[in-house]
Amino acid sequence: MTTEISVRERYANAAARAEAALCCPVDYDPQYLKVIPSEVIERDYGCGDPSRWVQAGETVLDLGSGTGKICFIASQVVGATGRVIGVDMTDEMLEVARRNAPLVAGRIGYGNVEFRKGRIQDLALNLELLDERLRREPLAGANAWLEAEHLADQLRREQPLVADNSVDVVVSNCVLNLVDPVSKEKLFQEIFRVLRLGGRAVISDIVSDEPVPEAMQRDPELWSGCISGALTETEFLAAFEKAGFYGIELVKRDARPWRTVKGFEFRSITVRAFKGKQGACLERNQGVIYKGPFKEVLDDDGHRLRRGVRTAVCDKTFSLYANAPYRDHFEVVEPLTPVPLEKAKPFDCHRPARRAPSETKGQGYRATTDASQCCDSGVSR
Ligand SMILES: C[S@@+](CC[C@H](N)C(=O)[O-])C[C@H]1O[C@@H](n2cnc3c(N)ncnc32)[C@H](O)[C@@H]1O
């Protein structure tokens, strides 16, 4: 039996009756649980709470939404102006989630959640549309498999389950570990594809402290139990980096393992990562000063920043540092005379790292001023 089939079977059963072995205790914000039916809460197979990093008005995509708990929490956080999409591959999970969605909507006064059927490593393919087409035009004979592949490609292109650049935040709670190893890289690429520029992923998952031995990986019970498919914590963060994310951060890490199997520790972590370092590098005479506390830092684009040094950056990097997750670590220095974006030239990556004050102020700057009002107890004259 393939990993995916054993995962689907286990979660089909876990949708019908709560399975205690799959539950990892999580402190969800109780104010959001009041409106969620007990059938959903009892089938909580999460290991963290990525909804804590979601904001009002956002479009949220939950990967492996199960019976819908994180979607129903996020629905209240994003409010009536936001949207939430849950994706799951297991019919029984989708049935519980879809049946409960109108109940939650009735209690909060608006409906902004929908559940779609798909595999999270292939977020373009709408499995219900494929199913419908195959029922209408059954395929038979030796070429059936190739024809079905062709149809799936057409659906991915023409009616994607989740379109490119369409989501503000991708969240997931205890699911990425369940995806088989050959599809894990594609999974991170898919998360990146559906996020808009400036969007972010916030993923709670189980990771291991050491690589999981192959014998343990072959155990379908351990795999579907969110154990042996776990990446190591180093691999998990590196996977975001490889997919093109920046500002990748371990925002939560349980010191205590959820489970230990044959000496291998499996614990819950939550990682946040941003999309948006791609694009043109333009020179607008801007600088940044890394405030510390480290002597120097290296960002995901390879920029090395020394503490206290006024460093030249392109317009794109300047904007990244002026926003989360970097803004508390930098002072940003605008030039005295702004360079309009339409007049900006390409940034010279081989120029000296330091941005001399004469570049910021302009060569001809000779001003003399009175003392500023800093000795003035804050009272302006
Ligand atoms: C451990 S449960 C977590 C459910 C939910 N996130 C929660 O917090 O309760 C894993 C869920 O992911 C779904 N799932 C596993 N692998 C999947 C895949 N490759 N594509 C889509 N859904 C998947 C399962 O059907 C199940 O509903």
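As a reminder, the structure under discussion sits directly above these lines.
Every value quoted in this text rests on a predicted model; they were computed, and no experiment measured them.

Caption draft 1: Quick look at unusual backbone geometry. The residue after Gly292, namely Pro293, is reached through a cis peptide bond having omega 20°. Tracing the sequence through the fold places Pro293 in the loop between strand E10 (286–290) and strand E11 (296–298). In the segment running from Ala324 into Pro325, the intervening peptide bond is cis, with an omega of 5°. The topology assignment puts Pro325 in the loop between helix H12 (315–321) and strand E14 (330–333). Phi at Asn165 is positive, roughly 50°, even though this residue is not glycine. Tracing the chain through its elements places Asn165 in the loop between helix H7 (144–158) and strand E4 (167–173). A relative accessible area of 48% places Asn165 in the partly exposed class. The backbone of Cys174 shows a phi angle near 70°, a positive value even though the residue is not glycine. Structurally, the position occupied by Cys174 is in the loop between E4 and helix H8 (184–194). With relative accessibility at 5%, the residue Cys174 sits in the buried group.

Caption draft 2: Quick peek at the site of the ligand. In the region of the ligand, 23 residues are neighbours, and Tyr45, Gly64, Lys69, Asp88 and Thr90 sit closest. A distance of 2.6 Å separates an oxygen atom of the ligand from a polar side-chain atom of Thr90. When the ligand is considered free in solution it has 590 Å² of accessible area, and contact with the protein chains removes 99% of it.

Parameters and conventions
- Residues numbered from 1 in each chain as written.
- Predicted model: local features only at pLDDT ≥ 70, side-chain atom pairs only at ≥ 80, totals over all residues.
- Heavy atoms only, no water.
- Helix = DSSP H or I, 4+ residues; strand = E, 2+ residues; numbered from the N terminus.
- Buried < 20%, exposed > 50% of the residue type's maximum accessible area, 1.4 Å probe, protein only.
- Near = heavy atom within 4 Å.
- Polar contact = N/O pair within 3.5 Å; in protein donor to acceptor, adjacent residues only side chain to side chain.
- Areas by Shrake-Rupley, 256 points an atom, 1.4 Å probe, with all protein chains shown as cover.

Worth remembering: the numbers are spatial, not functional.
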